[in-house]
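Chain by chain, the residues:
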Amino acid sequence: NAGVFNGPVRINDGTQNAGYVFTSDGSGNGSWQPAGAGPQGPTGPAGNDGADGADGATGPQGPTGADGATGPQGATGATGPTGPLNDMLSGVVSSAGGVLNGTGFTTASIGAGQYQVTFNTAFGATPAVVVTPEVIFAQAANPGPYCLPSYDASFGVPFYSCLDDDFTNDLVTTGGSTNISNLGTGCASGGVGYSDYTGVGPVTVNPGQAFTVLATPQGSWPEGYSVWVDWDNNGTFDAAEQMATSGASTATATLNVNVPGAQGPGTYRMRVRNSYNCTPAATQACGFGCNIYYGEVEDYYVVVTGATPMTVAAVNTVTPSGFRVLITNLSSIPTNTKFNFHATNK
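Residues numbered from 1 in each chain as written. Predicted model: local features only at pLDDT ≥ 70, side-chain atom pairs only at ≥ 80, totals over all residues. Heavy atoms only, no water.

**A word on the overall build of the protein chain**
The condition is simple: Helix and strand assignments follow DSSP, with helices taken as H or I runs no shorter than four residues and strands as E runs no shorter than two, numbered in order from the N terminus. Each residue's exposure class comes from its accessible area (1.4 Å probe, protein chains only) as a fraction of the maximum for that residue type: buried when under 20%, exposed when over 50%, partly exposed otherwise. A contact between two residues is defined here by any heavy atoms of the two lying within 4.5 Å. Exposure was quantified through the Shrake-Rupley algorithm and a 1.4 Å probe, taking into account, for residues, occlusion by the shown protein chains and nothing else.
Looking only at helices and strands, the protein chain features zero helices and 21 strands. Taking all 346 residues of the protein chain together, 33% fall into the buried category. Here the analysis covers contacts within the protein chain between residues at least 6 apart in sequence; of these, 69% occur between residues at least 24 apart. Within the structure as shown, the protein chain displays about 19,300 Å² of accessible surface, and the carbon and sulfur contribution to it stands at 52%.

Structural data, given as C-alpha cells:
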C-alpha cells in the first residue's frame, strides 16, 4: 500500500521484492533483477561454422564457341583404270603419215601408201571407220602489185633499160601441158624496162614436174638471165625462189625450172630478168640488176594443176584398237595432201 513519496529512498543491495532483487554496482547505481539470476558471465568462445549450404541451381548455357581450324586434306586416291572408248574419234593424217589434226591416236607409215592408225584408248567394240581424202583447193593468182625493176638513166636516152637493145625478143616454154609463146616483143613500151605478160600463156604443169624457159635476147649484146617463181604467193620474189640462171650470151638461154613436189595447185607469178653482160643475183628480182643501166624484166604465170586425187583403196584390219588404210596414187600427188578418218560406235 505504497503512497506517493517524494525524496530519496535508500535501498540496500540485495533487497528482494516480488521476485526481484536489487543489485548495485557500488557507485550508487542499481537495478532490479529477477531473483536467483547471477550476473552475466563473460562471452563464450565462437561456435563452429555451420554446414555448407546446398549448391545453387545450374545457370543458363553459354554461347557456342567458334569452329576449330580445318584439318589437312587427305591424300588423293589412286586413279581408276581407263574405261573403253564408246563414242567416236576423228583425225586428219598427212600423206607422209603424220598427225595433222586430232588427238587420242597415233599414226605410222608401214609401207608404200599404207598407214596404221592406233587409238590411245580402245573402243568397247569394233568401230565403224570411214576414210576420205582431203580436198585441195587451187590458189588464185596474187594480183600484186609486184615490185618493179630500177635503172640508172644518168647516161640519157637510149642508154638505159632496154632502149639500147638489151631486151628479150622471144620467150617460149616447153614441157608443160600448155606453154607460153611470146615472140617479137622488143623493148617494153616507153623504155621502162618492164612488161606484164601474165595474159600470155600460161605454162601448165604438175607438182614435181620440170619445164623449160627459152629466152632469146635481141642479139646485139650478151645478156645473162635469172628466173623466179613466187611459189608461196606472198607477192614477193624471195631469194630462195630463184629457180634458174644462165651466163651472159647473145644466144638463146635455156632455163630449166623444177616445180616443188609438195606444191599445191594454183596460179603463181614467174619473173624472167635479163641484164647486160652479167647474171642477175638471187636478190635482184626487183630494183637494180647486176648491171644498173641495161636490161629488161618480163612477168608470166605458171599454173600448177591438181594432181590425180588420192584414192582410199582399202580400210582393213579394223579392231577396237585401230585400223589400217591403203592409199593409191601417192606417186602423183603433192606431199602436203592428207586424209580424214572418222571412227564411231554410234
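**Here we look at the packing of aromatic side chains**
Quick note on the threshold: Stacked, tilted and edge-to-face are the three classes applied to pairs of Phe, Tyr and Trp rings, where Trp contributes its six-membered ring and a pair requires centres within 6.5 Å; stacked means planes under 30 degrees apart, edge-to-face means over 60, and tilted covers the rest.
Inspection of the entire model under this criterion finds 11 aromatic pairs. Seen in terms of ring centroids, phenylalanine 155 and tyrosine 293 are 4.8 Å apart; in terms of plane orientation they differ by 15°. Their pairing is stacked. Taken together, the residues span a long stretch of sequence, with phenylalanine 155 in the loop between strand 8 (128-133) and strand 9 (168-174) and tyrosine 293 in the loop between strand 17 (266-276) and strand 18 (295-304) at a distance of 138 residues. Residue phenylalanine 155 is classed as partly exposed on the basis of its relative accessible area, which comes to 49%. With relative accessibility at 22%, the residue tyrosine 293 sits in the partly exposed group.

**What to know about the pattern of salt bridges**
How we decide: What makes a salt bridge here is a side-chain nitrogen of Lys or Arg within 4 Å of a carboxyl oxygen of Asp or Glu, nothing more.
If you walk through the whole model with that rule in mind, you get two salt bridges. Aspartate 299 is the salt-bridge partner of arginine 269, the closest N and O atoms lying 3.1 Å from each other. Here aspartate 299 lies in strand 18 and arginine 269 lies in strand 17, a separation of 30 residues in the sequence. The exposure class of arginine 269 is buried, given its relative accessible area of 5%. Given the relative accessible area of 0%, aspartate 299 is considered buried. One salt bridge in this structure joins aspartate 299 and arginine 271, with 2.8 Å as the shortest N-O distance. Taken together, the residues span a long stretch of sequence, with aspartate 299 in strand 18 and arginine 271 in strand 17 at a distance of 28 residues.

**Side note on the sheet that holds strand 16 (residues 253-258)**
Selection criterion: By the convention used here, strands pair only if DSSP detects at least 2 bridges between them.
Pairing is antiparallel across the open sheet formed by four strands, whose spatial order is 10-9-13-16. Single-partner strands in this sheet number two, and they are strand 10 (181-182) and strand 16. Where strand 9 lies against strand 13 (residues 210-217), six bridges are found, and the strand directions are antiparallel. Counted as the bridge partner of threonine 173 is valine 213 from strand 13.

**With respect to the state of the cysteines**
Between two cysteines, a covalent bond joining their sulfur atoms is known as a disulfide. To be explicit about the condition: Cysteine sulfur atoms that pair up within 2.5 Å are treated as a disulfide.
Applying the stated criterion across every chain, the model contains three disulfides. Paired by a disulfide, cysteine 147 and cysteine 286 hold their sulfur atoms 1.5 Å apart. Of this pair, cysteine 147 sits in the loop between strand 8 and strand 9 while cysteine 286 sits in the loop between strand 17 and strand 18, placing them 139 residues apart in sequence. Looking at cysteine 147, the relative accessible area reads 26%, which means it is partly exposed. Cysteine 286 gets classed as partly exposed once you look at its relative accessible area, which sits at 24%. With its bonded cysteines labelled in order along the sequence, the protein chain shows the pairing 1-5, 2-3, 4-6.

**Considering the pairing of strand 17**
Counting buried positions along strand 17 gives 10 out of 11 residues, so the element sits mostly inside the fold. Here seven bridges tie strand 14 (residues 223-229) to strand 17, and the two strands are oriented antiparallel to one another. From the neighbouring strand, tyrosine 225 faces strand 17, where its bridge partner is asparagine 274. Where strand 17 meets strand 18, nine bridges bridge the pair, whose relative direction is antiparallel. Its bridge partner being in strand 18, arginine 269 is matched across the sheet by tyrosine 301.

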